[in-house]
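The lines below spell out each chain.
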Amino acid sequence: MTMEEVGSGRDAMEIDGFDPEGKVKRRENSVPDGFNANYLKVYYGKLFPHWDLFKWMSYGNDGKHPACDQSYIGRREFSFTLDNDIYLRFQSFNSIHDMENSIKEKCPFKIDIGPVYSVDPAKRHAYAQSGDNVFTPVERELVFDIDITDYDDVRYCCSGADVCLDCWPLMTVAIKVIDTALRDDFGFNHILWVYSGRRGVHCWVCDRKARRLTNEQRAAIADYFRVYKGNENSQKKVSLGGARSYIEVLKEFFEEKLLPGQKLFSTEERYEKILEMIPDESITSELRGKWQGNRRSSMSKEDINAIRWEQLKHMLQSGKHKVENDFYDLNILFMAQGLRRCVEEIVFSYTYPRLDMEVSKHMNHLLKAPFCVHPKTGRVCVPIDPKSCEEFDPTGAPTLSKLLEELNMGGFRADADDDWERTSLAKSLKFFRSSFLQPLLKSSKEEMESAYNAKLQLSKNSLSW
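Residues numbered from 1 in each chain as written. Predicted model: local features only at pLDDT ≥ 70, side-chain atom pairs only at ≥ 80, totals over all residues. Heavy atoms only, no water.

> Break down the pairing of strand β5 (residues 142–147) for me, citing the residues and quoting the values.
For a regular strand, side-chain orientation follows a simple rule: the groups alternate between the two sheet faces. Here β5 lies mainly inside the structure; six of its six residues are buried. Residues Leu142, Phe144 and Ile146 line one face of β5 and the alternating positions Val143, Asp145 and Asp147 line the opposite face, and both faces are buried. As judged from the six bridges shared by β5 and strand β7 (residues 200–205), these two strands associate in the antiparallel manner. Residue pairing in the sheet places Ile146 in a bridge with Val201 of β7. (Buried < 20%, exposed > 50% of the residue type's maximum accessible area, 1.4 Å probe, protein only. Helix = DSSP H or I, 4+ residues; strand = E, 2+ residues; numbered from the N terminus. Pairing = 2+ DSSP bridges.)

Okay, here's the thing in structure tokens:
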């Protein structure tokens, strides 16, 4: 199918409340739920923050300062996924108008952002014919992708792409841990968290030093977060190392959210998964005997999950392996220490962030742009404030149909630039601008000015000789 055929097919569609040009009709406010190409056309025309996306990707290089790299934004790859899974890789734009016009014309179902290359990606073939290997990524944000499907062995409310408020807190604690480590352990400041629109979160680390990391350095940072190393069939699932500093945060989350929410000890099948992580068979046998014999006891009036978890902790941390006369067999001592660590390992294996490592390791990996609309759910990929991420509800994220309904209620204004302020997108866009984009651009301009002045000073010093 050609691009012209895609476009003409889209224009021929009509839906309630819209005309073929994608304009909102005032005669109806309600908009049918779901994802629709005509809905998307209105969204890109009235609500999508083209300017903000372009300013972000420019990092101050779109100004008139003599230190600006005017070719910078034109070397950034954008990728469009059109209807019927038509992929347009290596798109590039030299101006906000070029980018906005292309998005409105092609109406992509998804926009991905790639790296900044050494040359314009749209002209890569011309450079390839020259015989020089000059087409290579030179800059890219450090990115992380966390998908809740990777937690299917520890959640029982949902599976696959499904998500609910009982399992979403796994994403919340992942944001808290990763965000804290990126800021405190690595010194990064400009970090953007974004809801993926369906089942996970994306993280963009945009500091200049993060964007210039090599693939090897990216892999090292990703490996720093690689604590969860097991699978559903392995006994040893975690290797804590320096991550032990997060044990109190994770333990609190485990006991207050995950334990009651997923009912981890409510059935034999579920608690057996946890018992398999304990290397001492005598302890597992004793706990198993208690739990199998007390299925219908007075515990039914209390939370059986909390009671069984406390019983497990008590047995592992009681120090019952101490021998009389305060004499320790060295093997028994090591075993006792290992059993006490079992509690931490159980907590970590169930709660510690599970990253898609390959996404973070390579500069040329594409990642979905913020404020895209997920075609499966119709939800907008809105930013998440890590300081209040526990308040974020994925089921309450703005949807395409809801946004268009809100536009209808306000009445159609052909030349208005502030339609977004009348919609549920306003809060997310204001947060993006005030908490992320403005501080980032301020920092970028300061770095640019500092580098420029240092270069001038170096030039003056060389002339003085």
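After that view, the rundown keeps rolling.
> Help me get a handle on the packing of aromatic side chains, residues and values and all.
A full pass over the atoms with the stated rule returns 29 aromatic pairs. Taken together, a centroid distance of 5.6 Å and an interplanar angle of 90° make the contact between Trp168 and Tyr195 edge-to-face. Here Trp168 is found in the loop between β5 and α6 (169–184), whereas its partner Tyr195 is found in strand β6 (residues 191–195), with 27 residues between them in sequence. No difference in accessibility class separates Trp168 from Tyr195, as the two residues are buried. With a centroid separation of 6.3 Å and an interplanar angle of 45°, the aromatic rings of Phe265 and Trp309 are classed as tilted. Taken together, the residues Phe265 in the loop between α9 (247–262) and α10 (268–275) and Trp309 in helix α12 (residues 304–317) connect sequence positions 44 residues apart. Look at Phe265 and you get buried, because its relative accessible area is 0%. Classification of Trp309 as buried rests on a relative accessible area of 1%. Put simply, the rings of Phe254, Phe265, Tyr271, Trp291, Trp309 and Tyr350 touch in pairs and so form one group of aromatic residues. Over the ring of Tyr59 we find Arg211, and its NZ or CZ is 3.7 Å from the ring centre. Over the face of the ring belonging to Tyr156 we find Arg270, whose NZ or CZ atom lies 4.1 Å from the ring centre. (Phe/Tyr/Trp six-rings, centres within 6.5 Å; stacked < 30°, edge-to-face > 60°. Lys NZ or Arg CZ within 6 Å of the ring centre and 35° of its normal.)

> Explain the sheet that holds strand β9 (residues 383–384) to me, and be specific about the residues and the numbers.
One open sheet accounts for four strands, arranged β5-β7-β6-β9; its pairing is antiparallel. In this open sheet, the two edge strands, each paired with only one partner strand, are β5 and β9. Lying on the sheet, α6 is in contact with β5, β6, β7 and β9; it crosses β6 at an angle near 165°. (Contact = heavy atoms within 4.5 Å. Axes fitted to C-alpha atoms, helices over the stretch in contact; angles between N-to-C directions.)

> An account of the pattern of salt bridges is needed here, citing residue identities and associated values.
All told, the structure shown has 23 salt bridges when counted by the stated rule. Asp152 is the salt-bridge partner of Arg155, the closest N and O atoms lying 2.8 Å from each other. On the accessibility criterion, Arg155 (2% relative accessible area) is buried. With relative accessibility at 30%, the residue Asp152 sits in the partly exposed group. Here Glu281 ties to Arg288 by a salt bridge, and the two come within 3.9 Å at their closest N and O atoms. Connected through shared salt-bridge partners, Lys46, Asp419 and Arg422 make up one network. (Salt bridge = Lys/Arg side-chain N within 4 Å of Asp/Glu carboxyl O.)

> Any chance you could break down the pairing of β6 for me, citing the residues and the numbers?
Where burial is concerned, most of β6 is hidden: five out of the five residues are buried. Alternating positions in β6 separate into two faces, Ile191, Trp193 and Tyr195 on one and Leu192 and Val194 on the other, with burial throughout. Inspection of the sheet shows β6 paired to β7 by five bridges, in the antiparallel sense. Each residue of the ladder has a partner; that of Trp193, found in β7, is Cys203. Counting the residues in the hairpin turn of β6 and β7 gives four residues, including Gly197, whose phi is positive at 100°. The sheet contact formed by β6 and β9 spans two bridges and is antiparallel. Directly across from Trp193, in β9, lies its bridge partner Ile384.

Keep in mind these numbers describe shape, not what the thing actually does.
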